Structure formats: C-alpha cells, structure tokens
Amino acid sequence: MNLFGKKSYFSLEGGEKERTKRSDKKRQKAEPSIPDGMWIKCNTCKAIIYKKEVTEYKLCPNCDAHFRMSPSERIAITCDEGTWVELDAKMRPKNPMNYPDYEQVIEKAQKKAGILEGVVTGRCKICGQDTVLAMMDSHFIMGSMGSVVGEKVTRAVEYATENRLPIIIFTTSGGARMQEGIISLMQMAKVAEALGRHDEAGLLYVAVLTDPTTGGVTASFAMLGDIILSEPKALIGFAGQRVIQGTIHQKLPEGFQRAEFQLEHGFVDRIVHREKLREELGKILLLHKEG
Amino acid sequence: MNEAMKSVSIVRKIERPNTRQFIDAIFNDFMEFHGDRLFADDGAVVGGIAFLEKMPVTVVGIQKGHTLEENVACNFGSPNPEGYRKALRLMKQAEKFHRPVVTFINTAGAFCGIGAEERGQGEAIARNLLEMSRLKTPVISIFIGEGGSGGAIALAVGDAVWMLEHGMYSVLSPEGFASILWRDSSRVAEAAELMKMTAKDLLKNEVIDRMFPEPKEGLENNLDAVAAELKKALLETLSKLMEEETSLLLENRYQRFRKFGEFVES
C-alpha cells in the first residue's frame, strides 16, 4: 500500500476483482497465512510450516523470513520481564476530515490488531538499561500515521527528552493515514521537531526498521535515528513500488528497497537478525549510558 | 465542478506563474546558487540570495516550467533528494549569516524514481523537517500552486505558512486518494472536496496562517498585484520575526506544528 503516490497510482488494467486479489496477495507478502489448523504457509518461500515450529521470534523455520509482529509480541522478545509500562494507552482517533465510515474502519482495525491505534509506546528496561520504546503495528491500517500515531510518538519522544532517556522506535508503516487528510501530513513535522529537541539534548535515538517502512514514516522519523538498524529483507523506501513503476515505466531491480539495498546505499547502519536484536539494543544502550 | 476541483485545475495550468517569476517580481538582485555539494544540481529546486527591499534574504523554491523543454529541465517540479539537500544547504547558509528564509512551494510531490530511492528521498525530506524546525533564523513558506505531500512539507516547516487563493496542500493528490481509497479514479472531484485541500479549508484548521486573494483575470495576467501584496506582507512579518529572540522564535515554530492532531483520551 503506497500512501505517497503522486503521478500515477494504480495500474487500472484488470477488473476490480483482479486488483483486489492482487493487493490482498501483496498485503500478506511477509506474513504467514494462518488458517485455524496446525499448518501455515510462508508467503516468502511458500513452504508449508508446522505452526508449533514458529517460535516467539516469528521466523520461518524454512527460509528464515521475518514475519510481521505485533507490539505485544515485540515486547515479549525485547523488554526485560516485568519492566514494561505503557504510556498514553487510552488515546483513540477522531475523524478530522469527516471521512465516511472512518469510525467503522477504525473499529475493524482495532478488532483485527487488538489495540486502539497503530502504535504502542511506553518505557522499559532492555538488558538492564532504561529506555523509552515505541512500536508500530502494520496490522492496524498498515501502520499508517494519523493524529494518534503522531501524537503518541511525539509524546514518547518528549517524555524521553524530559527524563533524559534514549528512545527506540520500531517502525512499520505504509505512510500517512489518508483518511485523516492534511492533519496526518502535519504529524511528520511534529514528530521530526520533537526528535530535533531530543537530539539537541544529546540523547540517543535508535530507529529499528521492520517490514514494511515506507512513505511519510520513512520521510520523517524512520530516517532520523542516530543509529538505524533494520531487520533482514525489510522493505524500506519512500515511494511505493507500483507508483515508481507507474512513473518511470521500467522494471525495478532485484532487491530494490530491501534492507540490504538500503545498507548498500548508506541509509541503514546495521542489519540485525531478530534473534540478536535485544542483545544488540542492550549493547547500544550500554555504550550510550549517561554518567 | 466544486470549488476544490476548480482550484486544482487553476493551479495545474501550464501558464500558472512559477517560482522564478515570483522571485523576480518580489525580490531584487536575485543571485542563483546551484548544487547540494553532495551529488548534483537539481533543476526542480531553485535557490539563492536576494534583497527584499534592503533586507538580504535566502530564497528557495520548487520550480515548474511553462513549456515541455522547461519542464524537462525542472523535472515537472518534482524534486529529487539532491533538490531537498540543496534547499537545506542554502537554509543552513542563511542561518549562519542570519538572513531570513523564504520558500516557495509548487509541486505535485517529490519524485518517485529508482535514483531518488537510491539516494534517499525519504532521508532527504526527513532531514529537512528536522533541520527546518530548529533553524535559528525566520522562515516563511508560501504555497503558490500545488502542495503535494511529503515533497511539499519538506520546504514548509515555517514560522508562517501562507497560500495563494487557489493554492492547495494535501496528503496526496485527489487522483491518488480516489484510486487508493475508493479504487475509482473517476471520483477525483469528490476526493478533492473531501480532502479539504483548499486555502479556505486550510485556513480554518490553521495549517496555513494567511491566504492571498488572486486577481479575477487570473494570476498569470496580473502577477504584479499579488507580488506586491506578498512583498508587503513579507516585509512586515520578517522585520517583526527578525527582532524576536531566537529561543522564542523556535518555541513558537515548535508549537505551530506541535498542535496538529485530533484525538480522544479516555
């Protein structure tokens, strides 16, 4: 899902049905399809996997694909046990543009993702080090950034600045929340300026890019980390691939906009396997410990 | 055709005055500077120094052309990362010499291409947002035409954000909105209206601070009248902003963008 399309957005050939099918397929790309049974299919290698073989790290036991995670799953593999304290847990969206049926869209997303909005923020310890932590959730309207995501991330950054703490943000997003119109675009400036103050205070910001991180989130806080880590093969970019193809009418190179591509082009510091992330984050926090 | 759609068609007219024309009509002795010192000179962004009456200023803007040839040279007003980085370089230069910055915005959006991604379009825009928010000199941003998404806000983190009557500013184009959200590209006019992308709507929700009326005969037929109004407003506002304590200037700019967002907490 691309949210920052400009000149050409969708190829319109093919019927409604075909397009829906295609985009459904795309949406699930890095995600295992989970029927109720005991088996799931990895959408990367297409292998049929015995569900119990997938650990809390949510990796494909066959090809090591990093499946998309929810914030609660992320907390379980990242934070020291019993240290997580959530901030702004009750914030919910309004409908600034009076977008028809936005309330229903939100309700459906809340049911699907089991959270009230597309980001969860809080503080915790990682390997004994205090930090503020924000985690986006791609299961919530593609992790799109509207007022609530912008406000919660901004408050988390401001909280970190006030308490002289580092902040770690796990990004995953299709970009700005179109249903909230221009107000969602303003969130980009809002989060960026809060990070500017955190930066001036000499504090550490680590961005952890996960699949997919695109659009207005890439063009604001995802790319502003003092240190930018990425999970392997995560899709990271500004424009969506279909938009680029529609603009330039060329085939995109193999591996385009993947984490490895971004590393090669100098926009990511390190690609870190999910099983190593907690340890690496702990080390980074320790290396930046104040006093 | 609804009001929003009327504005959309007006600002997209090929004869719509572009950034260079506004610069020539408002400032004296404009001296253009090129390049981002990193990769290239992006024709989609023009920038340099000039006098606003007696006040030295840095001017940066997104350029569109009136002919195909001109449009090829400025990439139809869609900057690549080097364009945003050139803009930032010139803004940092303005900060060093304590000149105010005036930016002109007129773009369908940042360019979407392979090279743009390879050179970090997202990073370039993000960096501008952060650096503009703490630039220790006044910034005024003026929307003279289209204001497409991240590619527009990358030059619009200002102390004051102004717009011409038919200017617009949105999270994506009405065509994109209609085809992505409704999968129906024929509903463009409806999308344009719903998105509240016109100067009048943006004034209401304080995304812009001021709207400048356009002449009935069309902006292209009487640019001087609007340019004179803009010049007067720039002189007034900039002399005030230049007097302000830097810490207050930055705090006000911070709060200007900090306030956006509608949500409930309970």
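Residues numbered from 1 in each chain as written. Chains lettered and ligands numbered in written order. Predicted model: local features only at pLDDT ≥ 70, side-chain atom pairs only at ≥ 80, totals over all residues.

**Student:** What should I look at first to understand the overall build of chain B in this one?
**Tutor:** Of regular secondary structure, chain B possesses twelve helices and eight strands. Rg of the C-alpha trace for chain B: 18 Å, near the compact-globule value of 18 Å for 266 residues, within the 12% margin. Dimensions of chain B along its principal axes, counting C-alpha atoms only, are 55 × 50 × 45 Å. When burial is assessed residue by residue, chain B has 54% of its 266 residues classed as buried. Counting only contacts in chain B whose residues sit at least 6 apart along the sequence, the fraction spanning at least 24 positions is 72%. (Helix = DSSP H or I, 4+ residues; strand = E, 2+ residues; numbered from the N terminus. Rg over C-alpha atoms; globule rule 2.2 N^0.38 Å. Buried ≥ 20, exposed ≤ 12 C-beta atoms within 10 Å, placed from the backbone. Contact = placed C-beta atoms within 7 Å.)

**Student:** Even after reading the chapter, I still don't get the pairing of strand β6 (residues 160-164) of chain B, so can you show me in this structure?
**Tutor:** Consecutive side chains along a regular strand alternate between the two faces of the sheet. Residue and element names in this part refer to chain B. Taken across its five residues, β6 has five buried, putting it largely inside the fold. Pairing of strand β5 (residues 139-147) with β6 involves four bridges; the strand directions are parallel. The partner of S141 across the bridge, within β6, is V161. (Pairing = 2+ DSSP bridges.)

**Student:** Explain the interface of chain A and chain B to me, please; I cannot follow it from the model alone.
**Tutor:** The figure often quoted for interface size is the accessible area lost as the parts come together. Each partner contributes to the interface: chain A provides 56 residues, whereas chain B provides 53 residues. Elements with a contribution of two residues or more to the side of chain A that touches chain B: α1 (16-27), β4 (91-93), α4 (147-162), α5 (182-200), α6 (215-218) and α7 (241-248) of chain A. Its residues assigned to classes, the side of chain A that touches chain B shows 31 nonpolar, 14 polar and eleven charged. Sheet analysis places β4(A) next to strand β8 (residues 263-265) of chain B, joined by three bridges and oriented antiparallel. The residue of β8(B) that forms the bridge with A:R92 is B:V264. (Nonpolar A, V, L, I, M, F, W, Y, C, P; charged D, E, K, R; others polar.)

**Student:** Would you explain the sheet that holds strand β9 (residues 227-230) of chain A in this entry?
**Tutor:** Across a sheet, strands are paired by hydrogen bonds formed along the backbone, either parallel or antiparallel in direction. Residue and element names in this part refer to chain A. One open sheet holds the seven strands; their spatial order is β3-β5-β6-β7-β8-β9-β10, and the pairing between them is mixed. Of all strands in the sheet, those bounded by a partner on one side alone are β3 (85-87) and β10 (270-271). With four bridges connecting them, strand β6 (residues 129-136) and strand β7 (residues 167-173) associate as parallel partners. Looking at the pairing, M135 lines up with F170 of β7.

**Student:** Would you mind showing me how to read the sheet that holds β5(B) here?
**Tutor:** All names here are of chain B. Pairing within the open sheet is mixed, and its seven strands lie in the order β1-β2-β3-β4-β5-β6-β7. Edge positions in the sheet fall to β1 (28-32) and β7 (210-212), since each of these pairs with one other strand and no more. Sheet twist, expressed as the average angle between the axes of neighbouring strands with direction ignored, equals 25°. (Axes fitted to C-alpha atoms, helices over the stretch in contact; angles between N-to-C directions.)

**Student:** Can you walk me through the pairing of β7(A) in this structure?
**Tutor:** Residue and element names in this part refer to chain A. Of all seven residues in β7, seven are buried, a share of seventy percent or more. Burial of the side chains of β7 extends over both faces: I167, I169, T171 and S173 are buried on one face and I168, F170 and T172 on the other. In the classification by handedness, the crossover that spans β6, the intervening α4 and the parallel β7 is right-handed. Of the strand pairs in this sheet, β7 and strand β8 (residues 205-213) are connected by six bridges, and their pairing is parallel. Residue pairing for β8: T171 is matched across the bridge by L209. (Right-handed = clockwise from strand over helix to strand, strands pointing away.)

**Student:** What am I meant to see in helix α6 (residues 121-133) of chain B here?
**Tutor:** Counting along an α-helix, one turn takes 3.6 residues, and residues three or four places apart therefore face a common direction. Residues and elements named next belong to chain B. For α6, built from 13 residues, the straight-helix expectation of 18 Å at 1.5 Å per residue is met to within 8% by its first-to-last C-alpha distance of 19 Å. A large share of α6 lies buried, amounting to twelve of its 13 residues. Every buried residue of α6 is accounted for by Q121, G122, E123, A124, I125, A126, R127, N128, L129, L130, M132 and S133. (Expected span 1.5 Å × (residues − 1).)

**Student:** I'm lost on the nonpolar core in this one. Help?
**Tutor:** Among soluble globular proteins, nonpolar side chains are generally buried collectively. Membership of the largest hydrophobic core comes to 143 residues, with the highest contact counts inside it found for A:I167, A:A192, A:A207, A:F221 and B:L129. With ten residues, the top contributor of residues to this core is α5(A). With residues up to four places along the chain from it excluded, the contact list for A:A207 reads A:I169, A:T171, A:F221, A:A222, A:L224, A:G225 and A:I228. Counting residues in each nonpolar core, the second largest holds six residues, with A:I106, A:A109, A:A113 and A:M142 among its members. (Core = buried A, V, L, I, M, F, W, Y, C linked by C-beta atoms within 7 Å.)

**Student:** Honestly, the confidence of the model for chain A in this entry has me stumped. Any pointers?
**Tutor:** A low pLDDT score tells you not to read the predicted coordinates there in detail. Confidence in the prediction for chain A averages 90 pLDDT; 88% of positions are at 70 or higher. Per-residue pLDDT stays below 50 along residues 5-28 of chain A; that stretch engages in 33 contacts with residues further than four places along the chain or on separate chains. (pLDDT = per-residue confidence, 0-100.)

**Student:** Which parts of the structure should I look at to understand helix α2 (residues 19-26) of chain B?
**Tutor:** Residue and element names in this part refer to chain B. For α2, the complete set of buried residues consists of T19, F22, I23 and I26. What you see down the axis of α2 is that its buried residues fit within an arc of 100°, all on one side. Residues of α2 that are buried in the fold lie against β1, β2 (45-52), β3 (55-62), β4 (101-107), β5 and α11 (223-243). (Arc of directions from axis to C-beta.)

**Student:** How should I be thinking about unusual backbone geometry in this particular structure?
**Tutor:** The phi angle of most residues is negative, glycine excepted, and most peptide bonds adopt the trans form. Residues and elements named next belong to chain A. Put simply, D211 and P212 share a cis peptide bond, and its omega is -15°. Note on placement: P212 falls in strand β8. The backbone of N98 sits at a positive phi, close to 50°, despite the residue not being glycine. By the secondary structure assignment, N98 is in the loop between β4 and α3 (102-113).

**Student:** Quick question: what am I supposed to make of the environment of A:L116 here?
**Tutor:** Residues and elements named next belong to chain A. Its place among the elements puts L116 in the loop between α3 and β5 (119-126). When the C-alpha positions of L116 and R242 are compared, they lie 30 Å apart, and in sequence the two are 126 residues distant. Beyond its immediate sequence surroundings of up to four residues, L116 is in contact with M91, R92 and Q110.

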